[in-house]
Amino acid sequence: MTWLRNLFLPNAASIRASDVDDLFMFVMYLNLFFFFLILGMVVLFVIKYRRKSQTQKTAHIEHNTFLELSWSVIPLILCMVVFFWGFNSYMQATVAPDGAMEIQVTAKKWVWTFGYPDGSVGIGKLWVPVNKPVRMVMHSEDVLHAFYVPAFRVKADVLPNRYTEVWFQATEVGDYVIPCAEYCGKGHSEMRAYVKVVSQQEYEKFLEEGDPDEKGKPPEELGALLYTNFGCSACHSIDGTKGQGPSWKGIYGQQHKMTDGKIITVDENYIRTSILQPQAEVVEGFQPIMPSFQGQIRERQLVALIAYIKSLK
C-alpha cells in the first residue's frame, strides 16, 4: 500500500517520518474500515428490516449485553492504542538525543533567521548535515509563528517571550521547504525558508566559506536571490504594486517624505540605513514594521541588495 501512502503524504526525509506516517495510515485504515462496515450494515438493515405491509408492527427488541459490550469495549481499546502510540511518538519528537547539534531559530514578520553553533547567522536558508540530529531552539520577536517541515514531519509553535524546541534528523540530501504554519499577518504566505541538507563535508565548508550559492554571482543577481531568501518580497514589490513597504521599482533616486516631514533622497546610504536601522527613517504612509538586519547580513549581501534595488528601473 505504498502508493496510497505516497498519495496522501509528502516524501519522507527524516528518521521520525515513518513513525508519524504509520500512525496516520493506521487511523486512516481504521476510519475506512468502520465507514464501509457501518455503510454496509445500514444498507443490509434497510433491506432486511424494511416495512413489508401497512399492518406490520415493529418486533419487541430486547437487551443484548454482548452487543453493548462490543460497541463500548472495542472503540475504547482502539482509542487507547491510538493515544499511547501518538503519545510515544510525541515524546520522541520532543526530546532530542544527546549530542544533537543546536540551532537558534528566530522568527519575525516575515523572516526565519538561523544561528549556528559557531556564531554565524543565516537568513531564509538553514544548512544541516545529513544523518545528524539537529535540535531547534526557537523564539519569536513579534507574534505567534509555527516552524513546519512537511518532509521531516515536524511542526512546533514559535512563541514570543518563550523558547520552544523540536528536533529532526534528515536522512536524504536535498532542499526542503519551511512554510510558516500559523497565520501571522498579511505577509504570512511569503514567510518561507528552506532546509538545505548536505553531507558533513559540505556543511563544514559552508561554515568556513559561506553559502556557495552566493559565490561568483554579479551583485544584481545575488541581490535578486537575497530578495527572495530574506523575505523582502513579503513587503516590497518589484513591479510598482503598493505593499506594506514601498515598492522597489524605480525607487532609487526618488525623493520620499518621512513621517517626521523630512524629505530624503533614496540613495545607497538611505538603503543601507533602512536595512540595518529600519526605524530610523520611516516613509510617510507606511508602518514601522520592518525588522532590523543589523548583525545578520554580510557586507557583500548588503552591497548586492543595494545593487539590485538600483537595477529596478
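It should be emphasised that the depicted structure is a prediction, and the values quoted were computed from it without experimental measurement.

Parameters and conventions
The numbering scheme is per chain: residues are counted from 1 as the chain's sequence reads. Under the rules for a predicted model, residues below a pLDDT of 70 receive no local features and side-chain atom pairs below 80 are neither given nor counted, while totals for whole chains, interfaces and linings still include all residues. As a rule here, side-chain values cover all heavy atoms of the structure and leave hydrogens and water aside. Here a helix means four or more residues in a row that DSSP labels H or I, a strand means two or more in a row labelled E, and each is numbered from the N terminus. Atoms counted for the radius of gyration: C-alpha only. Globule rule: 2.2 Å times residue count to the power 0.38. Residue contacts are counted whenever heavy atoms from the two residues lie within 4.5 Å of one another. By definition, two strands form a pair when at least two bridges between them are found by DSSP. For every element, the axis is a line fit to its C-alpha atoms; helices are fit only across the contacting stretch, and the angle between N-to-C directions ranges from 0 to 180 degrees. Counted as a polar contact is a pair of N or O atoms within 3.5 Å, where, for protein atoms, one must be capable of donating a hydrogen and the other of accepting one, and residues adjacent in sequence contribute only when both atoms are in side chains. The term nonpolar core refers to a set of buried residues drawn from Ala, Val, Leu, Ile, Met, Phe, Trp, Tyr and Cys, joined through side-chain atoms within 4.5 Å. Relative accessible area decides the class of each residue, using a 1.4 Å probe on protein chains only: under 20% of the type maximum gives buried, over 50% gives exposed, and in between gives partly exposed.

A. Expanded view of the overall build of the protein. Scanning the protein from terminus to terminus reveals 7 helices and 12 strands. For a compact globule of 313 residues, the expected C-alpha radius of gyration is about 20 Å, and the protein comes in at 28 Å, more than 25% above that figure. Here the C-alpha coordinates of the protein stretch approximately 95 × 50 × 35 Å along the principal axes. Across the protein, contacts joining residues at least 24 apart in sequence account for 62% of those joining residues at least 6 apart.

B. Quick peek at the sheet that holds strand β8 (residues 164-168). Taken in spatial order, the 5 strands line up as β3-β2-β1-β5-β8 in an open sheet, and their pairing is mixed. Each of the sheet's edge strands pairs with one partner strand only, and the pair in question is β3 (121-123) and β8. Ignoring strand direction, the axes of neighbouring strands in this sheet form an average angle of 25°. Strand direction decides the pairing type here: strand β2 (residues 111-115) and β3, joined by 3 bridges, are antiparallel.

C. Structural detail: the side chain of Ser247. With respect to the helices, strands and loops of the structure, Ser247 is situated in the loop between α5 (219-229) and β11 (255-257). Reaching out from Ser247, the side chain makes a polar contact with the backbone nitrogen of Lys249 at a distance of 3.3 Å. Apart from the residues within four sequence positions on either side, Ser247 is in contact with Ser237, Ile238, Asp239, Gly240 and Thr241.

D. Representation of the nonpolar core in the model. Core analysis: the biggest nonpolar cluster contains 39 residues, and Trp112, Phe114, Met136, Phe147 and Phe152 have the highest contact counts within it. When neighbours within four sequence positions are excluded, Phe152 is seen to be in contact with Ala13, Ser14, Phe168, Ala170, Tyr176, Val195 and Val197. Counting residues in each nonpolar core, the second largest holds 27 residues, with Leu222, Ile251, Tyr270 and Tyr308 among its members.

E. The arrangement of the environment of Ala170 in detail. Position of Ala170 relative to the elements: it lies in the loop between β8 and β9 (174-179). Under the relative-accessibility criterion, Ala170 is labelled buried at 0%. Setting aside chain neighbours within four positions, we find Ala170 in contact with Ala13, Ser14, Val130, Asn131, Phe152 and Val197.

F. How the structure looks around unusual backbone geometry. The step from Lys109 to Trp110 runs through a cis peptide bond, and the omega angle for that step is -10°. Among the secondary structure elements, Trp110 is positioned in the loop between β1 (101-108) and β2. For Arg153, which is not a glycine, the phi torsion comes out positive at approximately 60°. One can find Arg153 in the loop between β6 (145-149) and β7 (154-158).

G. Seen up close, the sheet that holds strand β10 (residues 192-198). With mixed pairing, the 3 strands of this open sheet are ordered in space as β4-β10-β9. For this open sheet the edge positions go to β4 (125-129) and β9, each flanked by a neighbour on one side alone. Geometrically, the sheet is characterised by an average inter-axis angle of 25° between neighbouring strands, direction not taken into account. Note that β4 and β10 share 5 bridges and pair parallel. From the neighbouring strand, Lys125 faces β10, where its bridge partner is Tyr194. Against the sheet, helix α4 (residues 200-209) contacts β4 and β10, and its axis sits at roughly 135° relative to β4.

H. Structural detail: the environment of Thr58. Topologically, Thr58 is positioned in the loop between α2 (17-48) and α3 (65-94). Given a relative accessible area of 73%, Thr58 falls into the exposed group. Residues Thr58 and Phe168 lie 110 residues apart in sequence; the distance between their C-alpha atoms is 60 Å.

I. Layout of the environment of Val173. You can see Val173 is positioned in the loop between β8 and β9. Overall, Val173 belongs to the exposed group, its relative accessible area being 55%. Each C-alpha atom of the pair Val173 and Ala156 lies 23 Å from the other, and the pair is 17 residues apart in sequence. Each residue touching Val173, except ones within four places of it in the same chain, is listed here: Val130, Val197, Val198 and Ser199.

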